[in-house]
Amino acid sequence: MRIIRTRDYNHMSEHAAAVIAAQLTLQPNSTLGLATGSTPLGAYVRLVEMCAAGKISFAQVQSYNLDEYRGLTHDDPQSYHHFMWENLFSRVDIDVTRTHVPDGSNEDAASTCANYDAAIEAAGGIDLQLLGIGNNGHIGFNEPGDEFVVGTHCVDLTESTIKANSRLFESIDEVPRQAYTLGIGAIMHARRILVIASGTAKADAVHAMCYGPVTPACPASVLQLHPDCIVIADAAALSAC
Ligand code: F6R
């Protein structure tokens, strides 16, 4: 694990965007694993700017997002599908037919998950996986538990995640209780992983990820076993390290 300390959120976003831009320059047909949430927003803004300036292109990229709330349709403003369209896909030259987000509207969890894993495998796996980290150490929606779940699966969100994500909903009651998430297997099979973290709320989780025992009680700790994992975190997120 390589840890890059940045001053603040903007500095973290610049570094993260630079890593993704370099990936696209070196391998224009990369398969990207993408994340939603507040943390990647600044990096996405910078990637949009670089694309508009002709410095990078997503034309040959295909993408697989980490997760989606179960029960939300693609056009639901709270869906991660909508988030990606608004913040990245509609603003860069990506072929939208080559972007993928788990289908939250499909109630059949078994086929939704199996199809997603099969599609990623058929694509040859993920070249660069972008990850945020939850306050409780989750990656994707792999919540703390007794075991690492390898495949894409349907997860019951923890109270801590429901509370953290309620900031984006009118009320906590509107936060979906379940989500489809990529499992630890596809994440760990990515050839390169970039984790980004900002703010003191992430400090304990970042410490556990980097220096704690490798345990499903902190899913992000498994990243210690990955041969090419870069953590870009600001001083506040690294304040417990
Ligand atoms: C999002 C995802 C989550 C977030 C994490 C941090 O697709 O998979 O693991 O990365 O919950 O969220 P933010 O960035 O909103 O603090």
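Sequence order as written defines the numbering, with residues in each chain counted from 1. This being a predicted model, a pLDDT of at least 70 is required before a residue's local features are given, and a value of 80 or more before pairs of side-chain atoms are given or counted; all residues contribute to the totals for chains, interfaces and linings. For side-chain calculations, the full set of non-hydrogen atoms in the structure is used, while hydrogens and water are omitted.

K.L.:
An account of helix α1 (residues 9-26) is requested, with residue identities and associated values reported.
P.N.:
Here a strand is any run of E in DSSP of at least two residues, a helix any run of H or I of at least four, and the numbering for each starts at the N terminus. Working rule for helices: expected span equals 1.5 Å times residues minus one. End to end, α1 covers 26 Å across 18 residues, agreeing with the expected 26 Å (1.5 Å per residue, within 8%). Each residue's exposure class comes from its accessible area (1.4 Å probe, protein chains only) as a fraction of the maximum for that residue type: buried when under 20%, exposed when over 50%, partly exposed otherwise. For α1, the set of buried residues is H11, M12, S13, A16, A17, I20, A21, Q23 and L24. By the convention used here, residues are in contact when the closest approach between their heavy atoms is within 4.5 Å. Contacts from the buried residues of α1 go to β1 (2-6), β2 (31-34), α2 (41-52), β6 (128-131), β9 (192-197) and β10 (229-234).

K.L.:
Describe the site of the ligand, listing the residues and the values that go with them.
P.N.:
Only heavy atoms are used to decide nearness, and a residue is near a molecule or strand if one of them lies within 4 Å of it. Among the 14 residues in the neighbourhood of the ligand, the closest are listed as T39, D67, H138, G140 and K202. Throughout this description, a polar contact denotes any pair of N or O atoms lying within 3.5 Å of each other; where both atoms belong to protein, one of them has to be capable of donating a hydrogen while the other can accept it, and for residues adjacent in sequence the pair is counted only when both atoms sit in side chains. Note that an oxygen atom of the ligand is positioned 2.8 Å from one of the side-chain N or O atoms of T36. Contact between the ligand and K202: an oxygen atom at 2.6 Å from a side-chain N or O atom of the residue. For the accessible areas, the method is Shrake-Rupley and the probe is 1.4 Å, while residue cover comes only from the protein chains on display. Protein coverage of the free-state accessible area of the ligand, which is 410 Å², stands at 93%. Only Asp, Glu, Lys and Arg are considered charged in this grouping, and only Ala, Val, Leu, Ile, Met, Phe, Trp, Tyr, Cys and Pro are considered nonpolar; every other residue, Gly among them, is considered polar. Looking at the shell around the ligand residue by residue, the class counts come to three nonpolar, eight polar and three charged.

K.L.:
With reference to specific residues and values, describe the sheet that holds strand β5 (residues 99-100).
P.N.:
By this definition, two strands are paired if DSSP reports at least two bridges between them. One open sheet accounts for seven strands, arranged β1-β10-β9-β6-β2-β3-β5; its pairing is parallel. With partners counted over all chains shown, the strands left at the sheet margins are β1 and β5, one partner each. With four bridges connecting them, β6 and β9 associate as parallel partners. Looking across to β9, one finds that L130 is bridged to L194.

K.L.:
Please give an account of the environment of F83 that cites residues and values.
P.N.:
With respect to the element layout, F83 can be found in helix α3 (residues 80-87). Looking at F83, the relative accessible area reads 17%, which means it is buried. For the pair F83 and K163, spaced 80 residues apart in sequence, the C-alpha to C-alpha distance is 19 Å. When neighbours within four sequence positions are excluded, F83 is seen to be in contact with A35, T36, G37, L41, Y44 and L88.

K.L.:
I'd like a rundown of the side chain of Q23, residues and numbers included.
P.N.:
Along the polypeptide, Q23 turns up in helix α1. Not counting chain neighbours up to four residues away, the residues in contact with Q23 comprise S30, L32, D127, L128 and R192.

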